[in-house]
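Here is what each chain is made of, one letter per residue.
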Amino acid sequence: DAGITQSPRHKVTETGTPVTLRCHQTENHRYMYWYRQDPGHGLRLIHYSYGVKDTDKGEVSDGYSVSRSKTEDFLLTLESATSSQTSVYFCATGGDSPRVYGYTFGSGTRLTVV
Amino acid sequence: GNSVTQMEGPVTLSEEAFLTINCTYTATGYPSLFWYVQYPGEGLQLLLKATKADDKGSNKGFEATYRKETTSFHLEKGSVQVSDSAVYFCALSGTGANNLFFGTGTRLTVIP
């Protein structure tokens, strides 16, 4: 979706290094989410935000932190990357009522930790 | 708690065959239900949705009916095309919650 940009699209990093993934939206959506996608697990929620500076943990938040200082940007940081964090990461946004209208997804970031 | 169970894939069909992908859910209250589609190398796109019991969502020839009595939201299409090859995800949102819970996805391959 043209309204959500994830960067970088691909990244290879070494174990133990910090990594930051960026999600930028032009939809002015209130809600933003980070998911990871792994074979056999579908999409699992890492963290989400319901407004500027308001964030909360999802089901697989260990080893990840997030920040949202502006409505349009939601950053995901892997504090010290591990091989188990090799995955495809998706950002999603939701307007005033995501439970009714669903999410809009970005194109994903493929992260490889070696 | 909230959860979604999808039929195991992969599913391989010939062009013009009938498609059913099963989805059942567990939820408290009255969730909304969604089907998303993911084409290779892309993010997920909303395919259709239903927000209350007996609602039918439809889009691009796909349909799914929200069945509260069987806690199901099965995806159907009468005649699949090669271009329908993708991974399909069933999802639900809990009552009062703005997070979606996704199934594990079902890969569909349609062969000419």
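As the structure is a computational prediction, the values presented were derived from the model and not from experiment. (Residues numbered from 1 in each chain as written. Chains lettered and ligands numbered in written order. Predicted model: local features only at pLDDT ≥ 70, side-chain atom pairs only at ≥ 80, totals over all residues. Heavy atoms only, no water.)

1. Description of the overall build of chain B
Now for step 1: A count of helical and extended segments in chain B gives zero helices and twelve strands.
Now for step 2: Reading the secondary structure of chain B in the N-to-C direction produces β-β-β-β-β-β-β-β-β-β-β-β.
Now for step 3: For chain B, the C-alpha radius of gyration of 13 Å lies close to 13 Å, the compact-globule estimate for 112 residues.
Now for step 4: Counting only C-alpha atoms, chain B reaches 45 × 25 × 20 Å along its principal axes.
Now for step 5: Burial status across chain B gives 46% buried among its 112 residues.
Now for step 6: As displayed, chain B has an accessible area near 5,100 Å², and 49% of this comes from carbon and sulfur atoms. (Helix = DSSP H or I, 4+ residues; strand = E, 2+ residues; numbered from the N terminus. Rg over C-alpha atoms; globule rule 2.2 N^0.38 Å. Buried < 20%, exposed > 50% of the residue type's maximum accessible area, 1.4 Å probe, protein only. Areas by Shrake-Rupley, 256 points an atom, 1.4 Å probe, with all protein chains shown as cover.)

2. Looking at the nonpolar core
Residue and element names in this part refer to chain B.
Now for step 1: Ranked by size, the top nonpolar core spans 26 residues in total, and within it W35, L47, L48, F73, L75 and Y88 carry the most contacts.
Now for step 2: At the level of secondary structure, the elements contributing two or more residues to this core comprise β2 (11–14), β3 (19–21), β4 (23–26), β5 (32–38), β6 (44–50), β8 (62–65), β10 (86–93) and β12 (106–111).
Now for step 3: For this core, the element with the most residues is β10, which contributes four residues.
Now for step 4: Those residues in contact with L75 that lie beyond four places of it in its chain are L19, T20, I21, W35, L47, L48, F62, E63, A64 and Y88. (Core = buried A, V, L, I, M, F, W, Y, C linked by side-chain atoms within 4.5 Å. Contact = heavy atoms within 4.5 Å.)

3. With respect to the interface of chain A and chain B
Now for step 1: Contacts between the two partners involve 22 residues from chain A, matched on the other side by 25 residues from chain B.
Now for step 2: Taken together, the connections running from chain A to chain B amount to zero salt bridges.
Now for step 3: Taken together, the connections running from chain A to chain B amount to four residue pairs in polar contact (both at pLDDT 80 or more).
Now for step 4: Counting only elements with at least two residues in the side of chain A that touches chain B, the list comes to β4 (31–38), β5 (42–51) and α1 (98–101) of chain A.
Now for step 5: Its residues assigned to classes, the side of chain A that touches chain B shows twelve nonpolar, eight polar and two charged. (Salt bridge = Lys/Arg side-chain N within 4 Å of Asp/Glu carboxyl O. Polar contact = N/O pair within 3.5 Å; in protein donor to acceptor, adjacent residues only side chain to side chain. Nonpolar A, V, L, I, M, F, W, Y, C, P; charged D, E, K, R; others polar.)

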